[in-house]
Amino acid sequence: MADNKRRIKFKSIAILEAVIILLLFFALIFTAFFKGKADAVPASAKSDKPQVRKRAVIEKEEAFYQFDGKKILMHDNTYGEIFVPVYEDVPACTVDLNNITMRNGYAYYSENGNIISTTGVDVSEFQGDIDWTQVKQAGIDFAFIRIGYRTYGDGIVTYDNAFQRNIEGAQAAGLKWGPYFISQASTVDVPVDEADAVIDALAPYDITYPVVYDWELVYHDSARTDDVSVEALADCCVAFCERVKDSGYTPMIYQNTGTAMHKLDLPRVKDYDFWLAEYAEKPSFYYDFRIWQYSNTGRIPGIEGDVDLNICFRPYGE
C-alpha cells in the first residue's frame, strides 16, 4: 500500500515538471517570434539617432613624406603597385611627354612645332667595326663611346678595346660624342681611380658631351657591388663626378629608373646631369633628365646588330 502511494507521488511530480517545462517552452517561443518581431527595426528604417561607426585612425610619421604630400606610383616586381614619396628638393622632369613622338624607330622632341632634340647611340667593342659615315647619314647626331670598365670580379680597370677607333671614327664622320665608364666601385676611393683613367684616355681628344659615370648592378652573377649601401653609392657618384668636373669636363650619371628610385640618393646627386635608361614609348621617371635611352634593340646602318638608342632633349654644344 505504501509503495503504491509513493509511485503516485513521483508520478504527480513528473507531470508537474513536464507542465513547467512546457510552459517555459511556449514562453520562449512567444518572446522570440512575437515580441521580438514587434521590436525589430528593418535595415532600411531611418533612426533619429543612427549608430556612428568611426574609421580607425592610423598614425603615420608625416616627416617621412614631403610637405606637399606628393607620391610617385611605381610598379614593383614583388608588391605590384607601390607609392614612393617625392623629394621636394630634387627638380622634377621638365620634359613635356606630349611633345615626344616616335617616327621610323627614332624618338623626337618638339617645342612650338620645331624639333629641338638630337638622336644618339652608345657603343662599345661589342658593336665591332662601325661605319661611322653610314651612322651619320642615318640621322645620328651624337654617340656615347665606352672608354672602359672595372671588372666585377677582381676589380681591374680595363680600357675598351675599340675606344680609340670609335672616337676617331665618330669625330671624322662629324658626330658629337662623349665617353662613359662602367663602374663597379664599392668604396669612395675606387671611383677616383676610375675617373683618372678616363681623364688620361681623353687627353688627346676634344669632347662635346659629358663624361658619364655608369654604375650598374650585376644580376646574373655575384659581384663587388652586391652589398653596396645607398650612402656608399652616392659617395662613389660624387667622387667620380667631382673628379671629372675638376678636370674641366661636364659629369653625368647614367642609371635605369628602378635603381635610380630605389638605390640612388637623388638629393645628393641632383646637381649632376642625368642620363635615364627606360625602355618604353614614354619615360615614367618623375625627376629631371637630360638624355633618355629608350631602346636597346635599335638598328642603324653602319652598325651590325642591336644598338642602344638615345634622345637628348637639350643638346650639348649648340
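Cut-offs used in this document
Residues numbered from 1 in each chain as written. Predicted model: local features only at pLDDT ≥ 70, side-chain atom pairs only at ≥ 80, totals over all residues. Heavy atoms only, no water. Helix = DSSP H or I, 4+ residues; strand = E, 2+ residues; numbered from the N terminus. Buried < 20%, exposed > 50% of the residue type's maximum accessible area, 1.4 Å probe, protein only. Contact = heavy atoms within 4.5 Å. Areas by Shrake-Rupley, 256 points an atom, 1.4 Å probe, with all protein chains shown as cover. pLDDT = per-residue confidence, 0-100. 1 Å grid on protein atoms, 1.4 Å probe; cavity = no way out; pocket = protein on both sides within 12 Å on 5 of 7 lines; lining within 4 Å. Points joined across faces, edges and corners; volume = space filled by probe spheres on them. Core = buried A, V, L, I, M, F, W, Y, C linked by side-chain atoms within 4.5 Å. Phe/Tyr/Trp six-rings, centres within 6.5 Å; stacked < 30°, edge-to-face > 60°. Pairing = 2+ DSSP bridges. Salt bridge = Lys/Arg side-chain N within 4 Å of Asp/Glu carboxyl O. Axes fitted to C-alpha atoms, helices over the stretch in contact; angles between N-to-C directions. Parallel < 35°, antiparallel > 145°, perpendicular 65-115°, else oblique. Left-handed = near helix turned anticlockwise from the far one by under 90°. Nonpolar A, V, L, I, M, F, W, Y, C, P; charged D, E, K, R; others polar. Expected span 1.5 Å × (residues − 1).

Draft legend 1. Seen up close, the overall build of the protein chain. When you go through the protein chain residue by residue, the secondary structure sums to seven helices and 14 strands. Within the span of the protein chain, comprising 318 residues, buried residues form 41% of the whole. When contacts within the protein chain are restricted to residue pairs at least 6 apart in sequence, long-range pairs at least 24 apart make up 62% of them. As presented, the protein chain carries roughly 19100 Å² of accessible surface, and 53% of it is formed by carbon and sulfur atoms.

Draft legend 2. Representation of the confidence of the model for the protein chain within the structure. Counting all residues, the mean pLDDT for the protein chain is 83, and 76% of those residues have values of 70 or more. Note that residues 34-47 has pLDDT below 50 and, in this model, four contacts with residues that lie over four places away or in other chains. Contacts of residues 49-67 to residues separated by more than four positions or lying in other chains number seven contacts, the stretch itself having pLDDT below 50.

Draft legend 3. Focus on the layout of surface pockets. Estimated volume of the second largest pocket: approximately 220 Å³. In terms of lining residues, the second largest pocket is bounded by 16 residues, among which K270, Y272, F274, D288 and F289 are the most central. For the lining of the second largest pocket, the secondary structure elements donating two or more residues are α7 (266-269) and β12 (273-277).

Draft legend 4. Spatial organisation of the nonpolar core. Formed by 68 residues in total, the largest nonpolar core has its most connected members in W132, F285, W292 and I300. The element best represented in this core is helix α5 (residues 230-246), accounting for seven residues.

Draft legend 5. Spatial organisation of the packing of aromatic side chains. Scanning the model with the defined rule gives 18 aromatic pairs in all. Taking the centre distance of 5.2 Å and the plane angle of 85° together, the rings of Y109 and F313 count as edge-to-face. Within this pair, whereas Y109 is found in strand β4 (residues 106-111), its partner F313 is found in the segment after β14 (307-312), the two being separated by 204 residues in sequence. Look at F285 and Y287: their rings are 5.8 Å apart centre to centre, the planes differ by 70°, and that puts the pair in the edge-to-face class.

Draft legend 6. Structural view of the pairing of strand β2 (residues 80-85). Direction of pairing for strand β1 (residues 71-76) relative to β2: antiparallel, over a ladder of six bridges. Note on β2: the bridge partner recorded for K71 is P85. Joining the antiparallel neighbours β1 and β2 is a turn of three residues.

Draft legend 7. Broad picture of the pattern of salt bridges. Taken as a whole, this structure holds 11 salt bridges when the rule is applied. Ionic contacts of the salt-bridge type, sharing partners, join the residues E125, R146 and D160 into one network.

Draft legend 8. View of the sheet that holds strand β5 (residues 114-115). Pairing is antiparallel across the open sheet formed by three strands, whose spatial order is β3-β4-β5. Each edge of the open sheet carries a strand with a single partner, namely β3 (100-103) and β5. Here β4 pairs with β5 via two bridges, running antiparallel. Paired with S110 across the bridge in β5 is I115.

Draft legend 9. View of the pairing of β4. By the criterion of burial, β4 is predominantly enclosed, with five of the six residues buried. The turn joining β3 and β4, which pair antiparallel and follow one another in sequence, is formed by two residues; a positive phi near 55° is taken by N104. Count of turn residues in the β4/β5 antiparallel hairpin: two residues, of which N112 carries a positive phi of about 55°.

Draft legend 10. Structural view of the packing of helix α4 (residues 190-202) against α5. Packing of α4 against α5 brings their axes to within 8 Å, and their N-to-C directions diverge by 30°. As the angle between them shows, α4 and α5 are arranged roughly parallel. For the pair α4 and α5, the sense of crossing is right-handed. Between α4 and α5, the residues in contact are P191, V192, E194, A195, D196, V198 and I199 and C236, A239, F240, R243 and V244, respectively. Broken down by class, the residue content of the contact of α4 with α5 amounts to nine nonpolar, no polar and three charged.

Draft legend 11. Expanded view of α5. Here α5 contains 17 residues, and its C-alpha end-to-end distance of 24 Å stays within 8% of the 24 Å for a straight helix at 1.5 Å per residue. Of all the residues in α5, the buried ones are A232, L233, A234, C236, C237, A239, F240, C241 and V244. Considering only its buried residues, α5 is in contact with β9 (176-183), α4, β10 (211-215), β11 (251-256) and α7. Looking one or two places after α5, you find G248, whose phi comes out positive at around 95°.

Draft legend 12. Summary view of the environment of V192. By the element assignment, V192 lies in helix α4. Using a relative accessible area of 21% as the deciding quantity, one classes V192 as partly exposed. For the pair V192 and F240, spaced 48 residues apart in sequence, the C-alpha to C-alpha distance is 5.5 Å. Filtering out sequence-adjacent residues up to four positions away, V192 remains in contact with A239 and R243.

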